Amino acid sequence: MLGRATGPSAFLAAVAALSSCTCPGRQAGPPPERFVPAAVELALVVPEAGRAARELAALHAAVAGFPGGAELVQARGTLGAQLGFDPLDPKALRDAGIEPRRGAAIASYPLPGRGAADPARLLVLPVGDAAKLDALFARIARDRLGAVQRASDTRGTVSITTFATAPGAPPALAYAVVERTALLAAGPLAAEVVAAAAARPPPESLAEAAPWKTARRALGDRYAAILFVPPGSRRLAGEWALKDGVALATSGGAEGVRLGAAVLLGDREASFRALAANGAAAGLVARLDPRAPLAGRFDGDFSALGRKLLPLLPARERARLAARGIDPQHDVLDLLAPGAAIALSLPPSLDLAAVSEEAVRADPLLVGHFEAVLPVRDAAAAAALSERIAPHRAVRAKPPRGGPRAVAANPGPSAPAASDPATWRVVTPSGEIAWTVDAQARRIVAAGGPPGALDALRARLGGAGPGFEPPTQASAAALRGGLGGAVLDPRKLVASVRALPDDAFGTGPSGFVVRSVVDRFLEPAARLAALSAGAELAPGALLVSLDVEMRAPGAAP
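Because the structure is predicted, anything quoted here is derived from the model rather than measured. (Residues numbered from 1 in each chain as written. Predicted model: local features only at pLDDT ≥ 70, side-chain atom pairs only at ≥ 80, totals over all residues. Heavy atoms only, no water.)

### Observations concerning the overall build of the protein chain
Definition in use: For helices the rule is a DSSP run of H or I covering at least 4 residues; for strands it is a run of E covering at least 2, with both sets numbered from the N terminus onward. Any pair of residues with heavy atoms lying within 4.5 Å of one another is described as a contacting pair. Areas reported here follow the Shrake-Rupley algorithm with a probe of radius 1.4 Å; residue values treat only the protein chains shown as occluding.
Of the regular secondary structure elements, the protein chain holds 18 helices and 20 strands. Residue pairs at least 24 apart in sequence account for 67% of intrachain contacts in the protein chain once pairs closer than 6 positions are excluded. Accessible surface for the protein chain amounts to roughly 25400 Å². Of this, 60% is attributable to carbon and sulfur atoms.

What follows is the structure, encoded as structure tokens:
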């Protein structure tokens with residue numbers, strides 16, 4: 001770490017100012033990554049400071065009432081006191097000399113001849129008024145670092161201003177203005193860091209690095225701030241899934257926050273392209289349980305997905321499947337076709353005190369009920385697999401008429417038509433897992449819950465009654481396009497949790513504490529309108545997004 005213990009604090013305080021002013025339009029000048037080296041360890045880039053400030057201020061106001069919101073309010077006040085102005089006040093930022101119509105960045109990267117534990121840290125700020133910005137830096141150096149000795153240092157054609165604690169002491173802070181851009185660094189090597197940034201040839205900058213360009217194209221203009229970690233960064237050591245680099249991005253406002261990740265694929269791109277398929281599960285999702293809080297779909301290729309994920313399956317789980325003669329790749333994932341839909345809900349009889357790994361293995365319905373519609377490539381193979389999973393449990397079930405009806409766990413020998421699909425049932429202590437293989441539609445229809453859950457799903461697939469509806473228009477977008485997506489309705493989840501009996505959280509003092517903790521989060525959770533996630537492929541990257549939408553003030557819970 002560069003400089004004294006107080007240096008980084010002052011340095012990061014200045015960072016907070018980089019995204020806190022609002023003005024329309026764009027100002028000519030290079031992007032901030034122009035001065036950051038391509039071999040960066042990590043870089044936080046704000047493409048437009050004004051937009052980031054507007055969104056940050058609105059989001060700050062929206063989340064102030066949530067758990068942890070008081071700490072955010074306090075942090076804003078503390079930062080304002082350190083800087084001498086409110087960093088989310090547009091007029092105050094204009095008065096500080098920052099140009100809001102351009103971007104800003106902060107980067108950490110290794111210095112030649114220095115260890116990885118002592119990286120350089122560079123702050124890049126757009127200059128609106130150089131004199132005002134100089135006054136800001138001088139005040140931060142004086143008040144936060146005790147550096148009152150000002151001097152000028154010329155490196156090549158660049159004039160660098162330094163601030164030290166005493167004559168002859170190494171600088172505590174240094175900056176230079178190049179191409180209407182302020183380059184700021186802290187610590188005894190600050191002048192060297194600034195000089196190198198000012199003289200950096202464009203081809204050696206992050207702006208011209210291929211991984212950065214790939215990430216920026218993939219993320220587009222949807223995000224206000226981007227944290228980029230390139231391939232080769234020590235921050236990715238041991239993270240094989242991210243070995244080609246990753247960009248984490250965020251955007252937000254009073255209506256909510258969007259988080260995104262662009263996982264760079266490098267030479268793995270061809271194998272990820274195999275995930276793309278033509279599934280169309282949105283229509284099936286719309287027929288799932290209307291009471292379910294969570295619904296999702298996968299429109300990609302399951303076979304390709306298995307080749308990605310099954311190597312991560314613990315050896316113990318592989319052995320359990322092998323003991324039953326099941327190869328998860330060949331027998332399951334190669335069998336499934338694109339376009340799967342699933343819904344999950346809490347069981348009304350949930351008992352957290354009884355939940356354990358052993359108990360869930362014996363009865364998965366202890367922790368969740370589900371509905372699923374799984375298209376298959378070969379219905380006969382799906383039926384054969386069903387027999388291996390639940391031998392001698394196949395019975396004929398009459399198609400439900402007039403909506404849901406309860407069915408016994410082991411129906412009697414009625415005489416169904418030969419065209420009715422066979423039904424397999426696995427009875428558990430808390431319900432049953434039942435499924436049919438519909439050869440005509442080439443799909444598995446499955447439900448786990450009380451007896452009759454499968455009939456209810458089949459009735460909805462036949463057009464009876466309403467199905468799952470995303471809570472907002474924005475969340476509905478997660479159920480179409482790309483590889484897949486999921487939607488959580490917080491209102492339904494909160495209602496499900498509140499409907500649980502008191503003993504669901506345990507008994508005695510520990511149960512009371514658990515219930516109290518859960519209740520503490522239910523009220524703010526009820527103020528969320530929707531959570532939605534999606535995944536899609538972009539050239540050179542896998543894109544994953546998460547949207548958290550908040551209810552408008554005064555909206556009905």
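Anyway, onward from the coordinates.
### Quick look at the pairing of strand β8 (residues 225-229)
As a reminder of what qualifies: Any residue under 20% of the maximum accessible area for its type is buried, any over 50% is exposed, and the rest in between are partly exposed; the area is computed with a 1.4 Å probe on protein chains only. The pairing criterion for strands is at least two bridges between them, as found by DSSP.
With four of five residues buried, β8 is to be regarded as a mostly interior element. With three bridges connecting them, strand β1 (residues 42-46) and β8 associate as antiparallel partners. Bridge pairing links Ala-43 to Phe-228 in β8. Two elements, β8 and strand β9 (residues 246-253), share five bridges in a ladder whose sense is antiparallel. Among the inter-strand pairings, Leu-227 is bridged to a residue of β9, identified as Leu-248.

### Observations regarding the side chain of Thr-162
Within the fold, Thr-162 resides in strand β5 (residues 158-164). If sequence neighbours within four positions are ignored, Thr-162 has contacts with Gln-149, Arg-150, Ala-151, Pro-171, Leu-173, Ala-174 and Ala-191.

### Focus on a nonpolar patch on the surface
Using the following cut-off: Excluding any residue in a salt bridge, patches collect residues exceeding 30% relative accessible area, merging like charges within 9 Å and nonpolar Val, Leu, Ile, Met, Phe, Trp and Tyr side chains within 5 Å. The working definition used for a salt bridge is a side-chain nitrogen of Lys or Arg within 4 Å of a carboxyl oxygen of Asp or Glu.
A surface patch of nonpolar side chains, amounting to about 260 Å² of accessible area, comprises Leu-352, Val-355, Val-367 and Val-514. Along the chain, Val-367 turns up in the loop between α13 (357-362) and β13 (369-375). With a relative accessible area of 35%, Val-367 lands in the partly exposed category.

### Comments concerning the nonpolar core
Nonpolar side chains in soluble globular proteins tend to end up buried together. Applied cut-off: The definition of a nonpolar core used throughout is a set of buried Ala, Val, Leu, Ile, Met, Phe, Trp, Tyr and Cys residues joined through side-chain atoms within 4.5 Å.
Residues Ile-160, Leu-183, Leu-206 and Leu-219 are the most contacted members of the largest nonpolar core, which totals 42 residues. The leading source of residues in this core is helix α6 (residues 190-198), at seven residues. If near-sequence neighbours (up to four positions away) are discounted, Leu-206 is found in contact with Glu-33, Val-36, Pro-37, Ala-38, Val-40, Ala-43, Trp-212 and Phe-228.

### Some words on unusual backbone geometry
With a phi close to 50 degrees, Glu-179 is a non-glycine residue in the positive phi region. Along the chain, Glu-179 falls in the loop between β6 (171-178) and β7 (181-186). With phi around 55 degrees, Arg-442 is a residue other than glycine that occupies positive phi space. Tracing the sequence through the fold places Arg-442 in the loop between β16 (431-438) and β17 (443-449). Residue Arg-442 is classed as partly exposed on the basis of its relative accessible area of 45%.

### Here we look at helix α15 (residues 453-461)
For α15, the tally of buried residues reaches eight of nine residues, placing the bulk of the element in the interior. For α15, the full list of buried residues reads Ala-453, Leu-454, Asp-455, Ala-456, Leu-457, Arg-458, Ala-459 and Arg-460. At its buried positions, α15 is contacted by β13, β15 (422-428), β16 and β17. One or two residues past the end of α15 sits Gly-463, with phi positive at roughly 105 degrees.

### Let's talk about the confidence of the model for the protein chain
What counts, and what does not: Every residue gets a pLDDT, meaning the predictor's confidence in that residue, from 0 to 100.
Taken as a whole, the protein chain shows an average pLDDT of 85; of its residues, 86% reach a score of 70 or greater. Scored below 50 in pLDDT, residues 1-26 makes 90 contacts in the model with residues more than four places away or belonging to other chains. Across residues 394-419, where pLDDT falls below 50, the model places 46 contacts with residues more than four positions away in sequence or in other chains.

### Details of the packing of helix α17 (residues 490-498) against helix α18 (residues 508-526)
What counts, and what does not: To get an axis, a line is fitted to the C-alpha atoms, and for a helix only the part in contact is used. The angle between two axes follows their N-to-C directions and goes from 0 to 180 degrees. Orientation labels follow simple angle bins: below 35 degrees gives roughly parallel, above 145 gives roughly antiparallel, 65 to 115 gives roughly perpendicular, and whatever is left gives oblique. Note: crossing handedness is left-handed where the near helix turns anticlockwise from the far helix by less than a right angle, and right-handed where it turns clockwise. Classes in brief: Ala, Val, Leu, Ile, Met, Phe, Trp, Tyr, Cys and Pro nonpolar; Asp, Glu, Lys and Arg charged; the others, Gly included, polar.
At their nearest, the axes of α17 and α18 sit 10 Å apart, and the two run at 155 degrees to each other. The angle between the axes of α17 and α18 places the two elements in the roughly antiparallel class. Crossing handedness for the pair α17 and α18: left-handed. For the pair α17 and α18, contact is made by Pro-490, Val-494, Val-497 and Arg-498 and by Arg-515, Val-518, Leu-522, Glu-523, Ala-525 and Ala-526, respectively. Considering only residue class, the contact of α17 with α18 consists of seven nonpolar, no polar and three charged.

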